[in-house]
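As a plain string of letters, each chain reads:
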Amino acid sequence: MNLEEIWPLFGLEITTPRLVLRPVRDIDLPGLAQAALDGVHEPERTPFSVPWTDAAPADLPRNLASYQWSLRNRVSAENWSIAFAVHHGDRVVGSQDLSAHDFADRRTVSTGSWLTRSVHGQGIGTEMRAALLLFAFDVLGAEWAESGAASWNEASLGVSKKLGYELNGVTRVAPRPGEPVDEQRVRLAKRSFVRPQWSISIRGADPVWPSWG
Ligand SMILES: CC(C)(COP(=O)(O)OP(=O)(O)OC[C@H]1O[C@@H](n2cnc3c(N)ncnc32)[C@H](O)[C@@H]1OP(=O)(O)O)[C@@H](O)C(=O)NCCC(=O)NCCS
């Protein structure tokens, strides 16, 4: 047997004009950890609801690997959380997640993402989120996509705005103890999706259908 027969998600590949997105495999972990260690955001405040980038550099790669392994354990037909490694040229520059619960009934996906700082501001964040929205709406049959970002996070909210999301309320989170922040929730209907000019190509989707409900 090969690995893709055991875990079909490892065979899935979504290609955009500049990027290749594949569910994180162990071979991607060193590149992903390096992308994180090189810096994802300014240290003064964290954009994440779980402040995983605050870990000491000696601990971050192991924590990251452990989190990625835990995601694989959470894949069932109705509930899944898939982290895609974002390949740009010959390196991994970040991650774009797609997750859902009760997908067959709710037809709703959630996304989260990060990129190493050296590639911010080049439209890559928009390209990778748009790619997974095309996949979710047009291939998986999603009807809604949700996301959220700290209210100060103009880059993340900028990506959401460009793609057509509407504001969907505010909640309070405290990723760092004693430092509560407002989180702006956003929501996108399939019909409101501001579609990119390009399309994705997909390989290896058929064997993964049982994973997506
Ligand atoms: C959020 C993130 C993935 C966005 O990726 P990116 O490649 O930097 O974003 P893009 O270049 O696609 O920018 C999209 C839009 O956001 C806006 N934007 C980007 N950076 C901005 C900034 N610093 N200030 C204001 N607006 C900004 C722009 O309007 C841009 O649209 P434009 O192309 O018309 O100018 C990336 O910045 C990142 O990894 N940040 C740190 C981690 C993080 O915040 N993750 C999200 C947690 S919710």
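Refer to the structure printed above.
Residues numbered from 1 in each chain as written. Predicted model: local features only at pLDDT ≥ 70, side-chain atom pairs only at ≥ 80, totals over all residues. Heavy atoms only, no water.

(A) Looking closely at the overall build of the protein chain. When its secondary structure is counted, the protein chain shows 6 helices and 9 strands. A compact globule built from 213 residues should have a C-alpha radius of gyration of about 17 Å, and the protein chain, at 16 Å, falls within 12% of that. Referenced to the eigenvectors of the C-alpha coordinate spread, the extents of the protein chain come out at roughly 45 × 40 × 30 Å. Per-residue burial for the protein chain yields a buried fraction of 46% across its 213 residues. Partitioning the contacts of the protein chain with sequence separation of at least 6, the portion at a separation of at least 24 is 66%. Summed over its atoms, the accessible surface of the protein chain is roughly 10700 Å², and 51% of this surface lies on carbon and sulfur atoms. (Helix = DSSP H or I, 4+ residues; strand = E, 2+ residues; numbered from the N terminus. Rg over C-alpha atoms; globule rule 2.2 N^0.38 Å. Buried < 20%, exposed > 50% of the residue type's maximum accessible area, 1.4 Å probe, protein only. Contact = heavy atoms within 4.5 Å. Areas by Shrake-Rupley, 256 points an atom, 1.4 Å probe, with all protein chains shown as cover.)

(B) Representation of the environment of Asn-79 within the structure. On the secondary structure map, Asn-79 appears in the loop between helix 3 (60–72) and strand 3 (80–88). Asn-79 sits 123 residues away from Ile-202 along the chain, and the two C-alpha atoms are 22 Å apart. Beyond its immediate chain neighbours, meaning those up to four positions away, Asn-79 contacts Arg-74, Ala-100, His-101 and Asp-102. Here Asp-102 takes part through its backbone nitrogen, which lies 3.0 Å from a polar atom of the side chain of Asn-79. (Polar contact = N/O pair within 3.5 Å; in protein donor to acceptor, adjacent residues only side chain to side chain.)

(C) Geometry of the packing of aromatic side chains. Enumeration according to the criterion identifies 4 aromatic pairs in this entry. Judged by centre distance (5.2 Å) and plane angle (55 degrees), the ring pair of Trp-52 and Trp-114 falls under tilted. Of the two residues, Trp-52 sits in the loop between helix 2 (29–37) and helix 3 while Trp-114 sits in strand 5 (residues 108–115), which places them 62 residues apart along the sequence. Judged by relative accessible area, Trp-52 falls into the partly exposed class, the value being 24%. Here the aromatic cluster, defined as three or more aromatic residues joined through ring pairs, consists of Phe-48, Trp-52 and Trp-114. (Phe/Tyr/Trp six-rings, centres within 6.5 Å; stacked < 30°, edge-to-face > 60°.)

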